[in-house]
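# Structural features, examined
Okay, here's what each chain looks like letter by letter:
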Amino acid sequence: MKPLVTYLRVSTSQQGRSGLGLEAQRETLARFAETEGFEIVREYVEIETGKGSDVLDSRPQLAAALSEARRQRCAVAVAKLDRLSRDVHFISGLMAHRVSFLVAELGPDVDPFILHLFAALAEKERALISVRTKAALKAAKARGAILGGPKLDLARKIAVSRIKADADRHATNVVPLIREIQRKGATTLREVADALNARGVATPRGGQWYATSVRNVLARASAV
């Protein structure tokens, strides 16, 4: 099995103490390693804000992960790209260290150019969300609306409920197709993902299928 160094990050000391987010990242990385044939040889956990464009001064655990990956001659894996950063300059700085990075949610075959692209899109999305949020709050305030409070909390809960319902519905619809692909000879999650991509079936977010996303859909469908 190929060695793999994993890097987990949470944004505040409170999250670090409570474990919020850490277990989810750890489980995602464990599934990714098992599915793709890696052996996790070392795990590094960072508790840091993620702000700023400095690459390593504020990330001693990331620096240690890079060093260990060079020693092991392997890649560093994160659960999601934002566990590294949403800042494209930060990602570019990491690439200069000539250590491969793997992002579990994107699959094992994403090259550095694609990572740069995803980081740039995330950075742009973050900026657009900020602009739209400020504009919406300004418009609401101009109408005399009271910002925050029970109505806002209810709206958030409804939005989360709708997102979950859409994901559950998609999982329910795609599982029969996955079972059909398995009956036709696909024995691994990777083979199922390849077959779904070949048929032009999109993930719930409209992207490509990977072994981990097939596993997640099957798990969601079984829980519905």
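Counting from 1, residues in each chain are numbered in the order their sequence is written. Selection of residues for local features in this predicted model requires a pLDDT of at least 70, selection of side-chain atom pairs for listing and counting requires 80 or more, and totals for whole chains, interfaces and linings are taken over all residues. Working from all heavy atoms in the structure, the side-chain values ignore hydrogens and water.

In the annotation of an unreviewed UniProt entry, the protein chain is listed under the name Recombinase family protein and assigned to Bradyrhizobium jicamae.

Let us now look at the overall build of the protein chain. Each helix and strand counted, the protein chain has eight helices and four strands in total. The numbering of helices and of strands both runs from the N terminus, where a helix is a DSSP run of H or I of at least 4 residues and a strand a run of E of at least 2. Counting helices and strands in the order they occur from the N terminus, the protein chain gives β-α-α-β-α-β-α-β-α-α-α-α. Only protein chains enter the accessibility calculation, which uses a 1.4 Å probe; a residue is then buried when its area is under 20% of its type maximum, exposed when over 50%, and partly exposed in between. Across the 224 residues in the protein chain, those meeting the buried criterion constitute 35%. When checking whether two residues touch, look at their non-hydrogen atoms; a contact exists if any pair is within 4.5 Å. Sequence separation of 24 or more characterises 67% of the internal contacts of the protein chain that already satisfy a separation of 6 or more. Surface exposure of the protein chain reaches about 13,600 Å², of which carbon and sulfur atoms provide 55%. Here the open area of atoms and residues is found with the Shrake-Rupley method and a 1.4 Å probe, where only the protein chains shown may cover a residue.

Attention now goes to the confidence of the model for the protein chain. Looking at the protein chain, the pLDDT average stands at 76 and 63% of residues meet or exceed 70. Within the protein chain, helix α1 (residues 13-18) has the poorest average pLDDT of any element, 55, and strand β1 (residues 2-10) the best, 93. One confidence number per residue, pLDDT, is output by the predictor and ranges from 0 to 100.

This brings us to the nonpolar core. The set of buried Ala, Val, Leu, Ile, Met, Phe, Trp, Tyr and Cys residues whose side-chain atoms join them within 4.5 Å is what this entry labels a nonpolar core. Core analysis: the biggest nonpolar cluster contains 18 residues, and Val5, Tyr7, Leu62, Val76, Leu84, Leu94 and Phe101 have the highest contact counts within it. In terms of residue count, helix α3 (residues 60-72) provides more of this core than any other element does, four residues in total.

This part covers the sheet that holds strand β3 (residues 75-78). What links the strands of a sheet is backbone hydrogen bonding, and the strands pair in either a parallel or an antiparallel sense. When DSSP finds two or more bridges between two strands, those strands count as paired. If you walk across this open sheet you meet the four strands as β2-β1-β3-β4, and the pairing is parallel. Each edge of the sheet is formed by a strand with only one pairing partner; in this case those strands are β2 (38-47) and β4 (101-103). Each adjacent strand pair in this sheet contributes to an overall mean axis angle of 30°, direction not counted. Judged from the three bridges that link them, β3 and β4 form a sheet pairing that is parallel. The residue bridging Ala77 from the neighbouring strand is Leu102, located in β4. To get an axis, a line is fitted to the C-alpha atoms, and for a helix only the part in contact is used. The angle between two axes follows their N-to-C directions and goes from 0 to 180 degrees.

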